[in-house]
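Architecture at a glance
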Amino acid sequence: MRQGRRTGTTALLVGPAAAFFLLLLVLPLAVVVIYSFGERGAAGGYSPAFTFDNYLSLATRGQAFLNTLLLAPLGTLLCALVAFPLAYFLAVKTSPRWRTMLLVLIIVPFWASQLLRIYAWLLILGNRGIPSLLDLLGMDGVRLINTRFAVLLGMVYGYLPLMVFPIYVSLEKLDKRLLEASADLGAGAWGTFRQVTLPMSIAGVATGSLLVFILLMGEFIIPALLGGGKVFFIGNALVDLFLQSRNWPFGAAIAVSMVAIMLATIALYMRFMLGRSGLRQQALV
Amino acid sequence: MSDDTRQISRKQFVEELLRYRRGSVSRRHFLGITGLGLATAILGQAVPGLRPRPAFAQDLGDTLNFTTWPNYFDQANLDQFTKDTGVNINVAVFGSNEEMLAKLQAGGTGWDVLVPTNYTISTYKSLDLIEALELAQIPNFIESDHDTRFIGEAKIDGAIYAVPKNWGTTGYVVNTAKVEGEMTTWKQFWDRTRDDLSGLVMVHDYQLTTIGNALKYFGYSFNSIDPGELAEAEKLLIEAKPHLFAINSDYQPAMRAGDAVMSVAWTGDASQLKRDIPEMHYVLGKEGGEIWTDFYAIPKGAQNRPAAYAFINFMLDPAVNAKEVKAHGYPSTDKRTSALLPQEVLSDPILYPAQELLSALEFGAAATLTDPNRAELMARFKSA
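What counts and how
Residues numbered from 1 in each chain as written. Chains lettered and ligands numbered in written order. Predicted model: local features only at pLDDT ≥ 70, side-chain atom pairs only at ≥ 80, totals over all residues. Contact = placed C-beta atoms within 7 Å. Helix = DSSP H or I, 4+ residues; strand = E, 2+ residues; numbered from the N terminus. Nonpolar A, V, L, I, M, F, W, Y, C, P; charged D, E, K, R; others polar. pLDDT = per-residue confidence, 0-100. Domains from an automatic or database assignment. Buried ≥ 20, exposed ≤ 12 C-beta atoms within 10 Å, placed from the backbone.

Before going further, it helps to examine the interface of chain A and chain B. Contacts between the two partners involve 38 residues from chain A and, on the opposite side, 38 residues from chain B. Only α3 (62-93), α5 (114-125), α10 (221-226) and α11 (234-243) of chain A provide two or more residues apiece to the side of chain A that touches chain B. Ranked by residue count, the leading element in the side of chain A that touches chain B is α11(A), at 5 residues. Within the side of chain A that touches chain B, the residues separate by chemical class into 17 nonpolar, 14 polar and 7 charged.

What follows is the structure, given as C-alpha cells:
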C-alpha cells in the first residue's frame, strides 16, 4: 500500500518530464533521422525515399565541419585561458566587499541580447573601428572583420561568463588552509597552484568547458555576423539547407551526423576528465 | 539565472539573425528592434488603450503582418495607414525569395501581405501558397496602366495573383572615390574582385543573383541551369570567394562604412547610397543581368484579409506610391504614379537606365529559383 502510493507519486513527478522529453526530444529526433534517408521534394522540402545519398554527400560540407571542429575547441580553450585568471582573481584575491559587485558587472552585459553584443563587435572591428585607429598609428590596411580571428574573438567574448562562473564556484569552495599547508610544506607559489589550486578547481574548468563547447559546436550567429558569411559553421550550413535551399533530407543528415559527433566527443571528454582527475560524475553534471 | 535570459534572447535573436543574414536589417532598424524600440512596441500593443483608434468605421482588426525586403518602404506611408485605419503594421524583412518560399512552405507564417518577385508567382500558385486576388477590393490597381512586360507573370489562367509594387534591376554599385577606372561590365566586376579590389567586394547571399551574375562573366544567360555552364560559374565563384569582403544581401552598411567599395546591388539601394554619398555609382553590366518586378500578394490562410486588401489598395494609391518611389528609389510600373514624380526622379539613370542597357537584361525564370543544382551550388560556394 505504502509502496504503491510511493510508486504512484514517483510516476506523477516524473511523468511531465518524461512526456516532455518524449514529445519534444525523442519524437522530433526520430523524424529527423527518418528524413535524413529521404529525398528533396521537387520544389524543396521532403519527399519519402530510402537512400544513403545524403550521408554520402556530407563531404561537400567538409569545410564547414572542419571550421566547427577546429574553432569550437579552440574557442573553448581560449575561453578557459581567459576565464581562469579572472575567476581566480574574483574568488581568491578580491575582498568579499567588492566581490558581489564585480560578479554583477560580469553578468550585466548578459542582460542585453547576444545579437546586440555581437553586433557591437561588428562596428568595433569594422573599417571605422579599430582599423581606423591603427591607421592613425601608421598601420595601414588592417582587416579584422569577417575573418576567423573575428569569429574566435566573438565566441570567447560571447561565452566567457559561462566559463567564469563554474570556475569561480570551484575556486571559492577551495579550502584556504590547504594553501597554507602547501606553503608550510615548502611548495612555492607555482607548486601550490599546480598541486593544490588547479586540481581542486578542475571540476569547474571541466564543467565550464563542456557548457561552452556544446554551445560553440552549434553556433551560427557569431560566424554569420563576424565572419561575413565567409567563415561557415555546421550551424550555418543547417540554416541554409532548411531556410534557403530547402533540402530538408540533407539538412537532417547533417544534423544527425553532428549529434553523433557531439556524443562521441563528449563521451571521450568525460572519460578523459574522469580518468585523469578521479572526478565524480556529479561534479561534471 | 543567466541560463534563462540566454534562452529567451536566443529565441529572439534567431529570428532577428535570420533577417540580418539574408539581408535585411539596417542598423537603425536593428537597434530599434533589439533595443528600446521593441520594448515600446510590445508595451504599446499589450495595452489596448495605447493603440491608435480607427478613423473610420470599417473594422480591419488591429494588426497586419507585412513581409517585405530591406529599405523598401516609406515609414511615413505605413504610419499614415495606421493612423487612417487603426491597423498596426508588423514589418518583417527578408533577404531572398528563397527564404520567403522556405518559410511559406514550412507553414504557419501568420503573414497577411508579402512582396514576391515576378519569377516566384507561378511556384507559389502551383504550391497553393497564395490566393487569387479579388480585384474589386483593390480599385487603385488598373491593369491597363501597367506595362504587360512587368506584370504578365502575375496573371495565371485569367486570374491575378499579385499586383505590382515596383520594378528594378540588379547591377552593382561602385564607390568611385575608392575605385579607379570606368566600370561597365560583369567581366570587370569579377576580374577586379580577384585583383586590385581583393577583400573589398560583396555579393548577395542569394543564389539567383550571385550565380546569375557569375554566369554573365562568361556571357551565359542569367537564368542558365545548364550543368556545364553552372560548373564554370561555380569555378569562378570559388576562385573569387577568398577575395570577397562578405556574402550578404545587406550591403548598405558595409558600403557606407567603407568596409566594401563594390557590391552587387539592386536599384533602390544604389539610389539610397548615391543620395547620401554622391561618389556611389550604379553599373548595369553590358553583358546583361536581371530586370524584375516585385508584387504585393496575399498568402493562403492570411489572418487579416480585410486589412491586407485595404493596405495593398492604400499603397497603390498613386500619391502614396509616388512617395514610396521617392523614398526607396525603385521605379514604379504604374503610369499614374510616374506622372506624379518630379523630373529629377524620372531622369535619374539609376531608376531608368538607358535603353541599350535595359534591352540586354533578362527577367528571372521560375526554374532559376527552384533548380536544386543552383541551390546546392550556392551552398557549396558558401561552405567552401
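Let us keep going from here.
Residues and elements named next belong to chain B. Considering every residue of chain B, the mean pLDDT works out to 89; 85% of them sit at 70 or more. Segment residues 27-41 is flagged for pLDDT under 50; beyond a separation of four residues in sequence, or across chains, it makes 11 contacts in the model. Under a pLDDT of 50 for its full length, residues 52-57 has, in the predicted model, 8 contacts with residues more than four places off or in other chains.

Residues and elements named next belong to chain B. Considered domain by domain, chain B is made up of domain 1 (2-167 + 296-346) and domain 2 (168-291 + 354-383). Each side of the interface is counted separately: domain 1 has 27 residues, and domain 2 has 21 residues. Broken down by element, the residue count for the side of domain 1 that touches domain 2 peaks at 4 residues, all from helix α1 (residues 2-23). A class-by-class count of the residues in the side of domain 1 that touches domain 2 yields 8 nonpolar, 15 polar and 4 charged.

The next thing to look at is the environment of B:Ala308. Residue and element names in this part refer to chain B. Along the chain, the position of Ala308 falls in helix α13 (residues 305-315). Among the residues examined, Ala308 registers 28 C-beta atoms within 10 Å and is labelled buried. Between the C-alpha atoms of Ala308 and Leu114, which are 194 residues apart in sequence, the distance is 9.5 Å. With near-sequence residues (within four places) excluded, Ala308 lies in contact with Leu64, Asp112, Val113, Ile298 and Ala302.

What follows deals with the domain arrangement of chain A. Each assigned domain of chain A is listed here: domain 1 (1-31) and domain 2 (61-284). For domain 1 of chain A versus domain 2 of chain A, the separation of C-alpha centres amounts to 34 Å.

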